[in-house]
Amino acid sequence: MARTRRTRAAGRLTATATALTCVVALLTAGCTGDSDGFRPGAADAGDPYVPGHGNGGYDVTHYGLDVRYDPPTDRLTGRAVITATATQDLSRFNLDLVGLHVATVRVGDAPADHRRSDGELVVTPRDGLPRGRQFTVSVDYAGVPTAVEDGSLGSGGFLHTADGAVALGQPDSAATWFPVNDHPSDKASFDLAVTVPDGVAALSNGVPGPKSSADGWTTWRWSERTPMASYLSTLVIGDYRVVTGTHAGRPMVTAVAASLPATGAAASSLARTGEIVDFLASRFGPYPFESYGGIVIADERIGYALETQSRPVYGPAFFAEDQPNPGVVAHELAHQWFGDSVSLTRWGDIWLNEGFASYAEWLWEEHDGGRTAQRNFELQYAKTDWSQPSVEPGRELMFGTAVYKRGALAVHALRRTVGDDTFFRILRTWTTERATGNATTADLVTLAERVAGRQLRPLFDAWLVGGSAPTLP
Ligand SMILES: [Zn+2]
């Protein structure tokens, strides 16, 4: 994510994962297991940055979504078919779903009991699901989706706009429009069919499929076959200039809100997507997904850009006063490697996303004839507040300067220490070995030490979490 405003206090309490899991479990059934050995899945992922988000007891492999959205009434109807595997003997499990009315839930072919509890859809299948069993959950739901206003990021979730809607947001947004295991530790492939009135565009992640029309409605289809974290899903509906082509043999879909100038800064910056992605691939290794693109929206409530998988979404403020901004494009595209392909295991490691994406802005600026990465490093070093850690920054500072800029400093310090050849070999090894998976800061340190053949833990400690300015390498 790239931001156009300074971080505001989140105003949201964090709770310990253990306590919260137990409270939610008590509300739904109790903290003890069932007598036959089958027991409820956890009601959250145990990540203290996002209490209540994610769930335990199963692993989703695929979301098949079929939704219809009517802009004049803001009403969404949907069916989600979720394919998952039980990771324990499971008597009951939760999905995350905010608002919306659930009509029916089926597990396999059988109707399942279900109830709602504060952002959770609690599903009790007729029979327990043994560990290792693959199963499908079908959920029919409808309603007027809601926005997420948690204060730290500006608007997110499902926003009704002047001409349609935008579903977007980090760390959460997906649960406002489909039932989901809403934590990046559970990635899954994704197929979406979205039906909107004729003449309205409906954009999402991945490869475009065939469109079809009937009775005044058009169905747009999108397929993201590479596992995707739920916060990287998006749905953008409205009046857009959509350009469909190919780049490097893969589909490239870009879209700019029709209310923005056809030849303005947003369109010209987005048009550099292929060039920028090729530059980043020359540094980070092969592009990890089957499609490319980007979407510029006009709604000013979105004061950020987000690296939604294969097709980032940019708020209009990045192109204010008609100034081109390839830097933000480089940032969001760098996330396709750092964050989207190699994803977080827990939000406390978000510098792994933002530090590398911020560093990519420096690489791009140097490549594009601007300031060198070394010069950006020196300028940033001089103004850094070393009391703020990059790792475990706290929920309220998860989008703070220490995550972005101090993270980028740490990346460049690694480069200065091990030299360019080893540095870029570390990056390519990371994006290759960890492709489509999840990782932690400790994983990166271990991999860097292995590739470099030397101890690097003290370096990472000093640059990421030490309380005073590290010695320049
Ligand atoms: Zn970012």
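Keep in mind that what you see is a predicted model, and the values were worked out from it rather than measured.

Moving on, we come to the overall build of the protein chain. What the protein chain contains, in helices and strands, is 10 helices and 26 strands. Taking 473 residues into account, the globule formula puts the C-alpha radius of gyration at 23 Å, and the protein chain, at 22 Å, falls close to it. For the protein chain, the spread of C-alpha atoms along the three principal axes comes to 60 × 55 × 40 Å. When burial is assessed residue by residue, the protein chain has 59% of its 473 residues classed as buried. Across the protein chain, the fraction of contacts at a sequence separation of at least 24, relative to all contacts at a separation of at least 6, is 70%. On the protein chain, roughly 17900 Å² of surface is accessible, and the fraction owed to carbon and sulfur atoms is 50%. Placing the 41 positive and 53 negative side-chain charges of the protein chain at their respective mean positions leaves the two points 3 Å apart.

Only Met 1 (N), Met 1 (O), His 331 (NE2), His 335 (NE2) and Glu 354 (OE) from the protein coordinate the zinc ion, and they sit 2.0 to 2.2 Å from it. Written as a sequence motif, the donor arrangement for the zinc ion is M-x329-H-x3-H-x18-E. With Met 1 in the segment before strand E1 (2–3) and Glu 354 in helix H5 (residues 351–367), this pair connects stretches of sequence that are 353 residues apart. The pair Met 1 / Glu 354 is uniform in exposure class, with both members buried.

With 4 of its 5 residues buried, strand E12 (residues 156–160) lies for the most part within the structure. Note: strand E11 (residues 147–148) against E12, 2 bridges, orientation antiparallel. Note on E12: the bridge partner recorded for Val 148 is Gly 156. The turn joining E12 and strand E13 (residues 165–168), which pair antiparallel and follow one another in sequence, is formed by 4 residues.

The subject of this paragraph is helix H7 (residues 401–418). Between its first and last C-alpha, H7 extends 25 Å over 18 residues, near the 26 Å set by a 1.5 Å rise per residue. A large share of H7 lies buried, amounting to 14 of its 18 residues. Two residues or fewer after H7 comes Gly 419, characterised by a positive phi angle close to 90°.

It is worth spelling out the packing of helix H6 (residues 373–382) against H7 at this point. Think of two packed helices as two axes; the pair is described by the angle between the axes and how far apart they sit. Their axes nearest at 10 Å, the elements H6 and H7 cross at an angle of 130°. Taken together, H6 and H7 sit at an angle that is classed as oblique. Between H6 and H7 the crossing geometry is left-handed. Residues Ala 373, Gln 374, Phe 377, Gln 380 and Tyr 381 of H6 touch H7, and the partners they reach there are Thr 401, Lys 405, Leu 409, His 412, Ala 413, Arg 415 and Arg 416. Within the contact of H6 with H7, the residues separate by chemical class into 5 nonpolar, 4 polar and 3 charged.

So, about the packing of aromatic side chains. Applying the stated criterion across every chain yields a total of 25 aromatic pairs. A centroid spacing of 5.6 Å and a plane angle of 70° characterise the contact between Phe 284 and Trp 337, whose relative ring orientation is edge-to-face. You can see Phe 284 sitting in helix H3 (residues 273–284) and its partner Trp 337 sitting in the loop between helix H4 (326–334) and strand E25 (343–344), a full 53 residues away along the chain. Lying across the ring of Trp 217, Arg 68 places its NZ or CZ 4.4 Å from the centre. Above the face of the Trp 220 ring, Lys 211 is positioned so that its terminal group lies 3.8 Å from the ring centre.

Per-residue pLDDT for the protein chain has a mean of 93; in total, 92% of the residues score no lower than 70. Here residues 5–33 is modelled with pLDDT under 50, and outside its nearest four sequence neighbours on either side it reaches 48 contacts, counting other chains as well.

It is worth spelling out the sheet that holds strand E22 (residues 292–296) at this point. Pairing is mixed across the open sheet formed by 6 strands, whose spatial order is E1-E23-E24-E22-E21-E20. The sheet terminates laterally at E1 and strand E20 (240–247), the two strands that pair on one side only. Taken together, the 2 bridges between E1 and strand E23 (residues 304–306) define a ladder with antiparallel strand orientation. Bridge pairing links Ala 2 to Ala 305 in E23.

Residues Phe 93, Phe 135, Trp 177 and Trp 351 are the most contacted members of the largest nonpolar core, which totals 142 residues. Excluding anything up to four places from it in sequence, Phe 93 contacts Gly 41, Tyr 58, Val 107, Leu 121, Val 122, Val 123, Pro 125, Leu 129, Phe 135 and Val 137.

Across the sheet, which stays open at both edges, the 5 strands sit in the order E11-E12-E13-E19-E15 with antiparallel pairing between neighbours. At either margin of the open sheet sits one strand with a lone partner, and together these are E11 and strand E15 (201–203).

Before going further, it helps to examine the packing of H7 against helix H8 (residues 420–433). Where H7 meets H8, the closest approach of the two axes is 6 Å, and the angle between their N-to-C directions is 130°. Classified by the interaxial angle, the pair formed by H7 and H8 is oblique. At the point where H7 passes H8, the crossing takes the right-handed sense. For the pair H7 and H8, contact is made by Val 411, Leu 414, Arg 415 and Val 418 and by Asp 420, Thr 422, Phe 423, Phe 424 and Ile 426, respectively.

What follows is about unusual backbone geometry. Following Gln 170, the chain continues into Pro 171 via a peptide bond in cis, with omega recorded as 10°. The phi dihedral of Glu 321 falls on the positive side, at around 55°, and the residue is not glycine. Of note, Glu 321 is situated in the loop between strand E24 (313–314) and H4. Accessibility expressed as a relative area gives 75% for Glu 321, which makes it exposed.

Thresholds applied
Residues numbered from 1 in each chain as written. Predicted model: local features only at pLDDT ≥ 70, side-chain atom pairs only at ≥ 80, totals over all residues. Heavy atoms only, no water. Helix = DSSP H or I, 4+ residues; strand = E, 2+ residues; numbered from the N terminus. Rg over C-alpha atoms; globule rule 2.2 N^0.38 Å. Buried < 20%, exposed > 50% of the residue type's maximum accessible area, 1.4 Å probe, protein only. Contact = heavy atoms within 4.5 Å. Areas by Shrake-Rupley, 256 points an atom, 1.4 Å probe, with all protein chains shown as cover. Lys, Arg positive; Asp, Glu negative; His and termini not counted. Charge placed at Lys NZ, Arg CZ, Asp CG, Glu CD. Donors = N, O, S within 2.8 Å, 3.2 Å for Na, K, Ca; no water. Pairing = 2+ DSSP bridges. Expected span 1.5 Å × (residues − 1). Axes fitted to C-alpha atoms, helices over the stretch in contact; angles between N-to-C directions. Parallel < 35°, antiparallel > 145°, perpendicular 65-115°, else oblique. Left-handed = near helix turned anticlockwise from the far one by under 90°. Nonpolar A, V, L, I, M, F, W, Y, C, P; charged D, E, K, R; others polar. Phe/Tyr/Trp six-rings, centres within 6.5 Å; stacked < 30°, edge-to-face > 60°. Lys NZ or Arg CZ within 6 Å of the ring centre and 35° of its normal. pLDDT = per-residue confidence, 0-100. Core = buried A, V, L, I, M, F, W, Y, C linked by side-chain atoms within 4.5 Å.

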